[in-house]
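Take a look at the letters that make up each chain.
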Amino acid sequence: MPAHVVEYELVYTVDGHDRTGYVKADPAPAMESQLGSVMSSFACTFYDPAQSWVPEVWQDFVVTHGETVVFGGKIISVRRVPQGISDAGYEVQAYDWGVVVNHTDANGRWDGVTDQSLIQALFARYLPDYDATTYVGSAGLNLGTVTINYRSLGYVLDILCRTTGWNWYIDENKALHYFAPTASDAPFGLSDMPDNETTFAYAKDSLQLTVDGSDIRNRVTFIGGVATYDMDERFTGDGTTTKFVLAHPYSHMRFTFIYPGPGLVSVGTLGVHEFGSVWNCLYSPSERAIYVDPTLVPADGATVRIGYNYEVPLTVRRQDTASWLAYGTTWFDYAILDREVFSRDVAVARADAVLAEYATARTSGSVRLYKPGLRAGQRVHITNAALGIVLYLHDRG
């Protein structure tokens, strides 16, 4: 092991009891950091020589280094593995506290909310022991009225992040972090010439960078839900006109009223029904028009009032012209279908978030290091003097 690498002693606690002495070094414990509902995980193997203790699913699992909590969450799986002739060890996998968020449903209506105030209201109601204040920022998204029908808090957070382009995770201390991609810097940088105070070394020749243009998206079409609107149109008869063209094709006829005259009349469909004792008016979908039975022609000055519902599908298209020019005037189309979205502002924000991330070729990289303290979503400053570059990478776990 390189001279600058420090070995860290960890303490393992299960449901408040110190179980460090039962942790096996082989296979080595492993932690993977993730963002959002994917959740970070920790895996290790416990072995009690006395065979007096067995870990169980959904127990609290906390790993600490000194006064610092490295990982906190719930055990979600326990696998029994033989240890010798009659003894057994237990391979344990735990997920971070986000597993509780993903299993907690919300149901209700919230009026006049932003992304920040909705998150804080949800956690205050359903998970009050979580800190949803300290690290919860605001993307400035006005949501208006939000109705949630038995969706998990994790699902709601994921939808908000798709809309704003932000990230979220639950840390080891049950604090929710909701933040812009550039707002979470790592606690230290990496360098091939480290000072071991603010920058630390990474494994030699481990820095790899890749530019990938296989998933460019510079024109995004968002297809949302179908909104239904009420329409109440009024026409004035002239004694001869029997055709009245509507402003919109109707999805449901509420009423057609002629006064003075027959009053409330019935409306059928042209080509399917005929004028007679049942149908006083016929609707032509191709013309978007109501035809009145010639025997009931509205008199001069009579009011023809037609009330109906019509549907408008929410469709928004956003594009990045700079990307289009950069790639030889080529549009890379991408579509988002979410029938639960009825707000144009939300649709625009969702499409813009995709453009912000995918309008240009993506540069990804990896590096291997020895110092703990990084987690997914953090922005890591890396200096490589040999290559003459200084760059930021977002740690994805």
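Below or above, wherever it landed, is the structure these notes cover. Here the structure is a predicted model, which means the values were calculated and not measured. (Residues numbered from 1 in each chain as written. Predicted model: local features only at pLDDT ≥ 70, side-chain atom pairs only at ≥ 80, totals over all residues. Heavy atoms only, no water.)

In this structure, Val101, Phe123 and Leu176 are the most contacted members of the largest nonpolar core, which totals 45 residues. Among the elements that take part in this core, helix H5 (residues 344-358) stands out by supplying eight residues, more than any other. Beyond its immediate sequence surroundings of up to four residues, Phe123 is in contact with Val101, Pro128, Tyr130, Ala132, Leu153, Leu157 and Leu176. Phe244, Val265, Tyr283 and Val292 belong to the second largest nonpolar core, which has 16 residues in total. (Core = buried A, V, L, I, M, F, W, Y, C linked by side-chain atoms within 4.5 Å. Buried < 20%, exposed > 50% of the residue type's maximum accessible area, 1.4 Å probe, protein only. Helix = DSSP H or I, 4+ residues; strand = E, 2+ residues; numbered from the N terminus. Contact = heavy atoms within 4.5 Å.)

Turning to the sheet that holds strand S19 (residues 263-265), a few remarks are in order. Reading across from one edge, S19-S18-S23-S16-S24 is the order of the five strands in this open sheet, with mixed pairing throughout. On the outer flanks of this sheet lie S19 and strand S24 (333-337), each paired with one strand and no other. Taken pair by pair, the neighbouring strands of this sheet meet at an average axis angle of 35 degrees, ignoring direction. Bridge count between strand S18 (residues 252-259) and strand S23 (residues 303-319): seven bridges; the pairing is antiparallel. Residue pairing for S23: His252 is matched across the bridge by Asn309. (Pairing = 2+ DSSP bridges. Axes fitted to C-alpha atoms, helices over the stretch in contact; angles between N-to-C directions.)

Within the element layout of this structure, Asn384 appears in strand S26 (residues 379-384). A distance of 2.9 Å separates the side chain of Asn384 from the side chain of Tyr202, its partner in a polar contact. (Polar contact = N/O pair within 3.5 Å; in protein donor to acceptor, adjacent residues only side chain to side chain.)

Right, let's get into the packing of helix H2 (residues 115-126) against helix H3 (residues 153-164). Interhelical geometry of H2 versus H3 gives an angle of 170 degrees and a closest axis separation of 11 Å. Accordingly, the angle class assigned to the pair H2 and H3 is roughly antiparallel. For the pair H2 and H3, contact is made by Asp115, Leu118, Ile119, Leu122, Phe123 and Tyr126 and by Leu153, Val156, Leu157, Leu160 and Thr164, respectively. Of the residues in the contact of H2 with H3, the class split is nine nonpolar, one polar and one charged. (Parallel < 35°, antiparallel > 145°, perpendicular 65-115°, else oblique. Nonpolar A, V, L, I, M, F, W, Y, C, P; charged D, E, K, R; others polar.)

Moving on, we get to the packing of aromatic side chains. Two aromatic rings are characterised by how far apart their centres lie and by the angle between their planes. Taken as a whole and assessed by the stated rule, the structure comprises 20 aromatic pairs. Ring geometry for Tyr169 against Phe179: centres 5.8 Å apart, planes inclined by 80 degrees, an arrangement best described as edge-to-face. Of this pair, Tyr169 sits in strand S11 (residues 167-170) while Phe179 is found in strand S12 (residues 175-179), placing the two residues ten residues apart along the sequence. The pair Tyr169 / Phe179 is uniform in exposure class, with both members buried. (Phe/Tyr/Trp six-rings, centres within 6.5 Å; stacked < 30°, edge-to-face > 60°.)

Our next topic: H5. Along an α-helix, residues three or four positions apart point the same way, because every turn accommodates 3.6 residues. Counted at 1.5 Å a residue, the expected span for H5 with its 15 residues is 21 Å, and the 21 Å between its end C-alpha atoms agrees. Inspection of H5 places Val346, Ala347, Val348, Ala349, Arg350, Ala351, Ala353, Val354, Leu355 and Tyr358 among the buried residues, and these make up the whole buried set. Along its buried surface, H5 packs onto strand S10 (142-152), H3, strand S16 (219-236), S23, S24 and strand S25 (362-366). The N-terminus of H5 is capped by Ser343, whose side-chain oxygen sits 3.3 Å from the backbone nitrogen of Asp345. (Expected span 1.5 Å × (residues − 1).)

Note the cis peptide between Asp26 and Pro27, where omega equals 5 degrees. Position of Pro27 relative to the elements: it lies in the loop between strand S2 (17-18) and strand S3 (30-32). Cis geometry is found at the peptide bond from Tyr259 to Pro260, where omega equals -10 degrees. By secondary structure assignment, the location of Pro260 is in the loop between S18 and S19. Of note in the backbone geometry, Tyr150 takes a positive phi value of approximately 50 degrees without being a glycine. Among the secondary structure elements, Tyr150 is positioned in strand S10. In this model, Asn196 sits at a positive phi of 60 degrees, which is unusual for a non-glycine residue. Position of Asn196 among the secondary structure elements: in the loop between strand S13 (189-191) and strand S14 (199-200).

Attention now moves to the side chain of Lys74. Examined against the element boundaries, Lys74 turns out to sit in strand S6 (residues 68-83). Within the local environment of Lys74, its side chain forms a polar contact with the backbone oxygen of Trp58, the two atoms lying 3.4 Å apart.

Turning to the pattern of salt bridges, a few remarks are in order. Applying the stated rule across the entire model yields twelve salt bridges. One salt bridge connects Asp232 with Arg305, and the closest N-O pair in it is separated by 2.7 Å. Taken together, the residues span a long stretch of sequence, with Asp232 in strand S16 and Arg305 in strand S23 at a distance of 73 residues. Assessed through its relative accessible area of 34%, Asp232 is described here as partly exposed. Overall, Arg305 belongs to the partly exposed group, its relative accessible area being 29%. The partner of Glu357 in a salt bridge is Arg362, with the nearest N and O atoms 2.7 Å apart. (Salt bridge = Lys/Arg side-chain N within 4 Å of Asp/Glu carboxyl O.)

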